[in-house]
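As a plain string of letters, each chain reads:
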Amino acid sequence: VHPDDRGYAIDYSSVDASQGNDYEFEYRLITADKQIIWIKDLVTIIREDDTPVCLRGYLIDISEQKQLELSRERLQRSKKMEAIGLMAGGVAHDLNNILSGIIAYPELLLQTLPPDSNLRKPIQAILDSGQRAATVVADLLTVARGAASIREVHNINQLIEEYSESPECHKMKSLHPYINYLPQFEATEPFISCSPVHVKKCLMNLMINASEAIDDTGTIIVSTRNISIDTVTGAEHKLQPGDYAVLTVHDTGSGISPADMQHIFEPFYTKKVMGISGTGLGLAIVWNTMEDHDGAVLVESSPKGTSFHLYFPVTTDNNKVPIDTESMEELTGNGEHVLIVDDEAQLRDIASQILESLGYVVSSVSSGESAITFVKKEPVDLLMIDMLMEPGINGYQTYKKILEHNPTQKAIIVSGFSESDDVKATLKLGAGEFIKKPYSVNQLALTVKQILQT
């Protein structure tokens, strides 16, 4: 019997003959040649004069049926997530455009106000609220599976350590002082190609859920290990054969009910108090992140606790591990000419004010067509192009046309939505960076400075 299913396999000695004659169990077996098969165990009590005398059992191979059921469930879940993702992505795009003003204008005001101004506190509160709202929108974009992120090679053990030292983790531990948190790093090949922000977000969501699943005292174990997936196991869990680093979050809570287990990865499905202890997006973010990282999330749960296993493909390209560098001390420009291309007047104004305050010469236009006309008449050092503009051509088409006139034109791409195929294509054309709305003054300043210096 498969080790994970031993609790479900029948123990014939425990059959209660007074409760009926027929019993049915489903579990997995490991065959002599190490294949995993699903079987249905049908048991009948044979009686003589109402007295049970023996058991008659049949083992039926239902592997093909189970595989079809799993494929159907995955397809239905994917379609549901895709539909919800499209909706979430559209909403997130509009909200990010709105939040750009709520975040950027307070930052600009705080730079001009004297330190003792009584306006600093309420303006800072507006900025903080906008940043918190932007975090929720970022979660929506992850659910939409379109959150733009740069993949880098990271040590998964180190990412866990970084999260454990974060303010979010310290706050969670302070809210649950009677829970013991244990790290167990056993992965000896810990390097994965990932978006570190999304990996830490997954870890945060799983640890919050684990903490809230424990009523009083208990233990949460965060562990890593390496595992090799063969063809059979890979097909069962929709994973490519190969080596994986597995991040596991295990809690000693009361477990997840079978009824809830069918829905836990659906957006907004939650047992928490909406708006107080959660938004219902936590596990949807985990599921989508693992899909985007060519991995998988597997769940085991019983009344004694729950384990979430995140499977990340291992990479051997350790030369690309990012090296920490000191922040740039000088963010101001030297009169370089930046052309802002955006169809929304407020967003053009925000970017213009930020860049002009940093010492750049700034021009702006409201469409890709106008940008092409502009640069043919007057060269610019950098383009700042919005990806989605209506009506007219988008950012990709705009940059492609401009490269025909000036093949060395530097550019950054800006969007409130996602790293779409057009964004990726624009970066391949030569655009230096992608920056997501709403951006901070510091983010924009760093990005522009870095691209101009390349």
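For the structure itself, look to the data block above.
What you see is a predicted model, and the numbers here were worked out from it, not measured in a lab.

Rules and cut-offs
- Residues numbered from 1 in each chain as written.
- Predicted model: local features only at pLDDT ≥ 70, side-chain atom pairs only at ≥ 80, totals over all residues.
- Heavy atoms only, no water.
- Salt bridge = Lys/Arg side-chain N within 4 Å of Asp/Glu carboxyl O.
- Helix = DSSP H or I, 4+ residues; strand = E, 2+ residues; numbered from the N terminus.
- Buried < 20%, exposed > 50% of the residue type's maximum accessible area, 1.4 Å probe, protein only.
- Pairing = 2+ DSSP bridges.
- Axes fitted to C-alpha atoms, helices over the stretch in contact; angles between N-to-C directions.
- Contact = heavy atoms within 4.5 Å.

> Before we move on, can you summarise the pattern of salt bridges with the specific residues and values?
Any two side chains of opposite charge can pair, so long as their charged atoms come close to each other. All told, the structure shown has 6 salt bridges when counted by the stated rule. Residue Lys 66 is joined to Glu 69 by a salt bridge in which the shortest nitrogen-to-oxygen separation is 3.8 Å. Residue Lys 66 and its partner Glu 69 are located together in helix α1 (residues 63–112), separated by 3 residues, close to a single helical turn. When its relative accessible area of 16% is taken as the criterion, Lys 66 is described as buried. A residue is classified by how much of its surface remains accessible, and Glu 69, at 25% relative accessible area, is partly exposed. The salt bridge involving Asp 386 is made with Lys 437; its shortest N-O contact spans 3.1 Å.

> Describe the sheet that holds strand β10 (residues 305–313), with residues and values.
If you trace the 5 strands from one edge of the open sheet to the other, you get β5-β7-β8-β10-β9, paired in mixed fashion. Looking at the sheet topology across the chains shown, the edges are occupied by β5 (179–185) and β9 (296–302). The mean inter-strand angle of the sheet, taken between neighbouring strand axes irrespective of direction, is 20°. Where strand β7 (residues 218–229) and strand β8 (residues 242–251) come together, 10 bridges link them in antiparallel fashion. What sits directly across from Val 222, in β8, is Val 249. Most of the contacts of helix α8 (residues 282–292) go to β10, to which it runs at about 30°, and overall it touches β9 and β10.

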